[in-house]
Amino acid sequence: MRILSLVLALLVSQAVAGPGSKPVKVGPVSLQVPVEWQRHGLHFVDAKGHAVARIGLRYPKGELNGPSFVSTYQNGLYGEPPANHFIKSGELSRAGQPLYWVCREVVDPASGGLRFERTFQVPQGASVQELSFYSPHSCDDNFPAISAVALSAAPAS
């Protein structure tokens, strides 16, 4: 598992600042996103206008960190549709600091169908930022590219 994490980190480091990405500042966070993504408030859409990501909750470190972040999503969020369910979770490393993620199948608010939502908990100094990425196919769909975006997150200056 550690070797897989190192290989993913290498791929991510090559993808983050590549020619196919652009810097974007959203409130207190700056990210490297694919050039074809367009920002609409806290949401991003692809070239076809499909929702691909959103900037989620920001909260103080210690409030919901690491394993408690994962277990919250495993247990389900208050008031969400019964169709939503946890699939898997994992951990990446950024500068020796863990970056946790979860994948759930959730109801797509636009279509009413199901989609996969991968939510990353990204440490940002004294706070934590959640970033969510969507796929109609699976938890693993385009995972290296979305991991690169999550790992590129930095406090905006």
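Not measured: the values here are computed from a predicted model. (Residues numbered from 1 in each chain as written. Predicted model: local features only at pLDDT ≥ 70, side-chain atom pairs only at ≥ 80, totals over all residues. Heavy atoms only, no water.)

Draft legend 1. Fine view of the sheet that holds strand E10 (residues 154–155). The antiparallel open sheet is built from 3 strands, whose spatial order is E1-E2-E10. Edge positions in the sheet fall to strand E1 (21–26) and E10, since each has one partner strand and no second. As paired strands, strand E2 (residues 29–34) and E10 are joined by 2 bridges and run antiparallel to one another. Across the sheet, the residue bridging to Ser 30 is Ala 154, located in E10. Packed on one face of the sheet, helix H3 (residues 143–152) meets E2 and E10 and runs near 155° to E2. (Pairing = 2+ DSSP bridges. Helix = DSSP H or I, 4+ residues; strand = E, 2+ residues; numbered from the N terminus. Contact = heavy atoms within 4.5 Å. Axes fitted to C-alpha atoms, helices over the stretch in contact; angles between N-to-C directions.)

Draft legend 2. Summary view of the pairing of strand E5 (residues 51–60). Note that strand E4 (residues 43–45) and E5 share 3 bridges and pair antiparallel. When the sheet's bridge partners are listed, Val 45 is paired in E5 with Ala 51. Linkage of E4 to E5, two consecutive antiparallel strands, is achieved through a turn of 5 residues, within which Gly 49 is found at a positive phi near 85°. Judged from the 6 bridges that link them, E5 and strand E9 (residues 127–135) form a sheet pairing that is antiparallel. Bridge assignment links Pro 60 to a residue of E9, and that residue is Ser 127.

Draft legend 3. Representation of the side chain of Ser 21 in the model. Counting through the fold element by element, Ser 21 comes out in strand E1. Residue classification places Ser 21 among the buried positions, given a relative accessible area of 16%. A polar contact of 3.2 Å, which involves the side chain of Ser 21, links it to the side chain of Gln 32. (Buried < 20%, exposed > 50% of the residue type's maximum accessible area, 1.4 Å probe, protein only. Polar contact = N/O pair within 3.5 Å; in protein donor to acceptor, adjacent residues only side chain to side chain.)

Draft legend 4. Region of interest: the pairing of strand E6 (residues 85–94). Where E6 meets strand E7 (residues 97–107), 9 bridges bridge the pair, whose relative direction is antiparallel. What sits directly across from Phe 86, in E7, is Arg 104. Adjacent in sequence and paired antiparallel, E6 and E7 are bridged by 2 residues, among which Ala 95 carries a positive phi angle near 55°.

Draft legend 5. The arrangement of the sheet that holds E4 in detail. Read from one edge of the open sheet, 7 strands run E3-E4-E5-E9-E8-E7-E6, paired in antiparallel fashion. Only two strands of the sheet have a single partner each, and these edge strands are strand E3 (38–40) and E6. Neighbouring strand axes in the sheet, compared pairwise and without regard to direction, differ in orientation by 25° on average. Sitting on the sheet, H3 is in contact with E6, E7, strand E8 (114–124) and E9, with an inclination near 30° to E8.

Draft legend 6. Structural view of the confidence of the model for the protein. This prediction gives the protein a mean pLDDT of 86; 88% of its residues lie at or above 70. Averaged over each element, pLDDT in the protein is lowest for helix H1 (residues 2–16) (38) and highest for E4 (96). Every residue in residues 1–17 is under pLDDT 50, and counting partners more than four places away or in other chains gives 18 contacts. (pLDDT = per-residue confidence, 0-100.)

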